[in-house]
Amino acid sequence: ETGVTQSPTHLIKTRGQQVTLRCSSQSGHNTVSWYQQALGQGPQFIFQYYREEENGRGNFPPRFSGLQFPNYSSELNVNALELDDSALYLCASSRDLGREQYFGPGTRLTVT
Amino acid sequence: EDQVTQSPEALRLQEGESSSLNCSYTVSGLRGLFWYRQDPGKGPEFLFTLYSAGEEKEKERLKATLTKKESFLHITAPKPEDSATYLCAVQVTRGSARQLTFGSGTQLTVLP
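None of these values were measured; they are calculated from a predicted model.

Parameters and conventions
Residues numbered from 1 in each chain as written. Chains lettered and ligands numbered in written order. Predicted model: local features only at pLDDT ≥ 70, side-chain atom pairs only at ≥ 80, totals over all residues. Heavy atoms only, no water. Helix = DSSP H or I, 4+ residues; strand = E, 2+ residues; numbered from the N terminus. Rg over C-alpha atoms; globule rule 2.2 N^0.38 Å. Buried < 20%, exposed > 50% of the residue type's maximum accessible area, 1.4 Å probe, protein only. Contact = heavy atoms within 4.5 Å. Areas by Shrake-Rupley, 256 points an atom, 1.4 Å probe, with all protein chains shown as cover. Lys, Arg positive; Asp, Glu negative; His and termini not counted. Charge placed at Lys NZ, Arg CZ, Asp CG, Glu CD. Salt bridge = Lys/Arg side-chain N within 4 Å of Asp/Glu carboxyl O. Buried area = accessible area lost by both parts, 1.4 Å probe. Polar contact = N/O pair within 3.5 Å; in protein donor to acceptor, adjacent residues only side chain to side chain. Pairing = 2+ DSSP bridges. Axes fitted to C-alpha atoms, helices over the stretch in contact; angles between N-to-C directions. Disulfide = S-S within 2.5 Å. Phe/Tyr/Trp six-rings, centres within 6.5 Å; stacked < 30°, edge-to-face > 60°.

Explain the overall build of chain B here, please?
For chain B, the helix and strand inventory stands at zero helices and eleven strands. Rg of the C-alpha trace for chain B: 14 Å, near the compact-globule value of 13 Å for 112 residues, within the 12% margin. Seen through its C-alpha atoms, chain B measures out along the principal axes to roughly 45 × 30 × 20 Å. Counting every position in chain B, which comprises 112 residues, the buried fraction comes to 46%. Of all intrachain contacts in chain B linking residues separated by at least 6 positions in sequence, the fraction that spans at least 24 positions is 55%. Surface exposure of chain B reaches about 5,500 Å², of which carbon and sulfur atoms provide 45%. A distance of 5 Å separates the average location of the 13 positive side-chain charges in chain B from that of its 14 negative side-chain charges.

What follows is the structure, encoded as structure tokens:
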């Protein structure tokens, strides 16, 4: 069984640019959540997608947006990048709402 | 506001020296408490889910317990390969989403 995969592994962008991060959920999982993890901190919830619909969002501005596709893979888009957006972005999938979430390896984003 | 506090922030143990990590929480409507292990530069790895006070789960040298206000992760006779950051998270319902709120983690180092 293939686990959660994310791409790219690392990314360097300039302030003001836009970025798209991708996530393939684990087979049989219909729920995807995205998290931002700053160095030395726990992950912070960005938003969650359930059966292609966004069904919850944390305290992140609208320039953070996402999509979930019919195969339950997902994208995270960030517009107008700021230096503080530099972090590890984690995607997690679960079999259904409320079930344990399995994390991918993350994408390390650096904004200069 | 949901709060999760982990202590200690860092813990150094000799191989074989048992200890406990603490996770205290203040949430409304707890839907579950999760423990994860995270190695440097990687995504969190799921360990346990606890749903109700008094519940206990075990896996190899790890045992997780839950009360109404806190959870403990007991590590018995740890080995160097147990070195990692251990994260706890509470799951709450926000709108339609099942959101995980994480603590900042306990960085465990087990010395040979």
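Quick question: what am I supposed to make of the pattern of salt bridges here?
When the charged atoms of two side chains with opposite charge come close together, those side chains can pair. Residues and elements named next belong to chain A. Overall, the coordinates contain ten salt bridges over all chains when judged by the stated rule. Glutamate 75 serves as the salt-bridge partner of arginine 22, at 3.5 Å between the closest nitrogen and oxygen. You can see arginine 22 sitting in strand β3 (residues 19-24) and its partner glutamate 75 sitting in strand β8 (residues 74-78), a full 53 residues away along the chain. By relative accessible area, arginine 22 is classed as partly exposed at 43%. Here the salt bridges share partners, and the residues they tie into one network are Arg63, Glu82 and Asp85.

Would you mind showing me how to read the interface of chain B and chain A here?
Interfaces are often sized by the amount of accessible area the parts lose when they come together. Each partner contributes residues to the interface: chain B has 21 residues there, and chain A has 21 residues. When the two sides are added together, the surface that chain B and chain A hide from each other amounts to roughly 1,600 Å², 53% of it contributed by carbon and sulfur. Here chain B and chain A share zero salt bridges between them. Counting across the interface, chain B meets chain A through six residue pairs in polar contact (both at pLDDT 80 or more).

I'm lost on the sheet that holds strand β3 (residues 19-26) of chain B in this one. Help?
In a beta sheet, neighbouring strands are held together by backbone hydrogen bonds and run either parallel or antiparallel to one another. Residues and elements named next belong to chain B. Pairing is antiparallel across the open sheet formed by five strands, whose spatial order is β1-β3-β8-β7-β6. Two strands close off the open sheet at either side, each with one partner strand: β1 (3-7) and β6 (56-59). Adjacent strand axes in the sheet meet at a mean angle of 15° when their direction is disregarded.

What's the story with the state of the cysteines in this structure? I'm lost.
All names here are of chain B. All told, the structure shown has two disulfides over all chains when counted by the stated rule. Put simply, cysteine 23 and cysteine 88 are joined by a disulfide, and their sulfur atoms are 1.9 Å apart. What sets the handedness of the cysteine 23 and cysteine 88 disulfide is the S-S torsion sign, and at about 70° it is right-handed. With cysteine 23 in strand β3 and cysteine 88 in strand β9 (residues 84-94), this pair connects stretches of sequence that are 65 residues apart.

Is there a simple way to explain the packing of aromatic side chains in this structure?
For any pair of aromatic rings, geometry is given as the distance between the ring centres together with the angle between the planes. On inspection of all chains with the given rule, the structure shows eleven aromatic pairs over all chains. With 5.1 Å between their ring centres and 65° between their planes, A:Phe60 and A:Phe64 make a pair best called edge-to-face. Across this residue pair, the class does not change: A:Phe60 and A:Phe64 are buried. Ring centres 6.1 Å apart and planes at 70° place the aromatic pair A:Phe103 and B:Phe102 in the edge-to-face group. Residue A:Phe103 is found in strand β10 (residues 102-103), and its partner B:Phe102 is found in strand β10 (residues 97-102); the two belong to separate chains. Just as A:Phe103 is buried, B:Phe102 falls in that class too. Counting every residue linked through ring pairs, the aromatic cluster contains A:Tyr35, A:Phe45, A:Tyr102, A:Phe103, B:Phe34, B:Tyr36, B:Phe46 and B:Phe102.

Keep in mind these numbers describe shape, not what the thing actually does.
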